Amino acid sequence: SENEELEEIASADLKYLVLPALLGALTLKQVDLSRRLEHLESARAHFWRFLKLCRSYGLGSFSLPPATTGAPGDEGAGSPSPGGPAAAQPSLVAMVSNRQAKIERYKQKKEVENRLASMKTFVESGQADEDQIREFYILQIQKWISTSLEEIESIDQEMVILRSRGTAKQASPSPHTTSRPVRRPMKPFILTRDAAQAKVFGAGYPGLPTMTVDDWYEQRRKQGVVSAQGAPQRTPGITDEELQQQEKKEEEDDEEALQKARNWDDWKDTHPRGYGNRQNMG
């Protein structure tokens, strides 16, 4: 009951005062994003009820935050005012005061945590007396007071963001009701690099061949530019492969060239490579 004094609560029952803060911490761990705002409001209510209970029992010295957050768009105490330097001065003072309170709260929290760590093993082993157990539970409550103040501040900031996001979604027009001008479909095109380059720079030479070498010689011979002896003599109907075979056959039929090749092969069989090279002699 809130009408009781702290001394009237049994040492074994002090730990139950932390129950609202534990419920708030558990609610914050919910992962359903569609109900995030609802979870934040519920967690904030649990933390605020815990802080109010501690305030009524005189546990800790802190300023009780408001029971509910302001409406979306309300400026906090630390937000800058557009009224000039004179109007912005109270906001700067509030920011400095809030920063000092955070630093002091952090130092107290670290001191409480160190004392709890040194007493935890002693209390859990059953060797502590009633006064030590009572001090241990009060330190636990003071630790959760600092945690609750930090969580409420973080929750208020996140709720402002979520509410402004929801307002922006409601203000944005629906895509089904928005009339947009119908655009003509763009004609698809394919850009080939070689084709485009050939159109601009050409194929790399004056033009594609339009006649064979024999036709060119024949044309030049008729024009009298070259003589008939300069044109290559080729039997009509004979391909290049047949012409090469014919030339090879003519070379093989040459007795002098064939005998010379045989003598060279015989000489290489009796003389090793490098024979007669006088420069390599020591």
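Residues numbered from 1 in each chain as written. Predicted model: local features only at pLDDT ≥ 70, side-chain atom pairs only at ≥ 80, totals over all residues. Heavy atoms only, no water.

S.K.: Explanation requested: the environment of Phe122 in the structure shown.
M.R.: By the element assignment, Phe122 lies in helix α3 (residues 85-124). C-alpha of Phe122 to C-alpha of Ile133: the two residues are eleven residues apart in sequence and 9.4 Å apart in space. Apart from residues lying up to four places away in sequence, Phe122 is in contact with Gln127, Ala128 and Gln132. (Helix = DSSP H or I, 4+ residues; strand = E, 2+ residues; numbered from the N terminus. Contact = heavy atoms within 4.5 Å.)

S.K.: Even after reading the chapter, I still don't get the packing of aromatic side chains, so can you show me in this structure?
M.R.: On inspection of all chains with the given rule, the structure shows three aromatic pairs. Their ring planes at 10° and their centres at 5.5 Å tell us that Trp264 and Trp267 sit as a pair that is stacked. Taken together, the positions of Trp264 and Trp267, both in helix α8 (residues 255-270) and three residues apart, correspond to about one turn of that helix. Residue Trp267 is classed as partly exposed on the basis of its relative accessible area of 37%. (Phe/Tyr/Trp six-rings, centres within 6.5 Å; stacked < 30°, edge-to-face > 60°. Buried < 20%, exposed > 50% of the residue type's maximum accessible area, 1.4 Å probe, protein only.)

S.K.: Looking at this structure, I do not really get the pattern of salt bridges. What am I missing?
M.R.: Between side chains of opposite charge, a pair can form when the charged atoms approach closely. Per the counting criterion, the structure on display carries eight salt bridges. Lys109 is the salt-bridge partner of Glu150, the closest N and O atoms lying 3.5 Å from each other. Residue Glu150 is located in helix α4 (residues 130-171), and its partner Lys109 is located in helix α3; the two are separated by 41 residues in the primary sequence. Residue classification places Lys109 among the buried positions, given a relative accessible area of 15%. Salt-bridge contacts for Glu113 lead to Lys110; the nearest nitrogen and oxygen are separated by 3.6 Å. Of the two residues, Glu113 and Lys110 are both situated in helix α3; the distance of three residues between them amounts to about one turn of the helix. (Salt bridge = Lys/Arg side-chain N within 4 Å of Asp/Glu carboxyl O.)

S.K.: I would appreciate a short explanation of the side chain of Arg134 in the present structure.
M.R.: For Arg134, the position within the fold is in helix α4. No salt bridge is formed by the buried Arg134, whose closest oppositely charged neighbour, Glu130, lies at an N-O distance of 5.5 Å. Discounting residues that sit within four places of it in the chain, Arg134 has contacts with Leu6, Glu7, Ile9, Ala10, Ser11 and Leu14. (Lys, Arg positive; Asp, Glu negative; His and termini not counted.)

S.K.: I'm lost on the layout of surface pockets in this one. Help?
M.R.: In this approach a probe as big as a water molecule rolls over the atoms, and the regions it shows empty are the leftover space. When its volume is computed, the second largest pocket comes out at roughly 220 Å³. Lining the second largest pocket, in full, are Leu33, Ser34, Arg35, Arg36, Leu37, Glu38, Glu158, Leu162, Arg165, Gly166 and Lys169. Mapped by element, the contributors of at least two residues to the lining of the second largest pocket are α2 (36-56) and α4. Among the elements that take part in the lining of the second largest pocket, α4 stands out by supplying five residues, more than any other. Residue composition of the lining of the second largest pocket, by class: three nonpolar, two polar and six charged. (1 Å grid on protein atoms, 1.4 Å probe; cavity = no way out; pocket = protein on both sides within 12 Å on 5 of 7 lines; lining within 4 Å. Points joined across faces, edges and corners; volume = space filled by probe spheres on them. Nonpolar A, V, L, I, M, F, W, Y, C, P; charged D, E, K, R; others polar.)

S.K.: Mind showing me how you'd approach a nonpolar patch on the surface here?
M.R.: Judged by side-chain polarity, Leu19, Leu22 and Leu23 come together as a nonpolar surface patch covering roughly 250 Å² of accessible area. Looking at the secondary structure, you find Leu22 in helix α1 (residues 19-28). (Patch = residues over 30% accessible without salt bridge, like charges linked within 9 Å, V, L, I, M, F, W, Y side chains within 5 Å. Areas by Shrake-Rupley, 256 points an atom, 1.4 Å probe, with all protein chains shown as cover.)

S.K.: What is the right way to look at the environment of Ala43 in this model?
M.R.: Looking at the element boundaries, Ala43 is found in helix α2. Residue classification places Ala43 among the buried positions, given a relative accessible area of 0%. Between the C-alpha atoms of Ala43 and Gly24, which are 19 residues apart in sequence, the distance is 4.1 Å. Residues within four places of Ala43 in sequence aside, it is in contact with Gly24, Thr27, Leu28 and Ile155.

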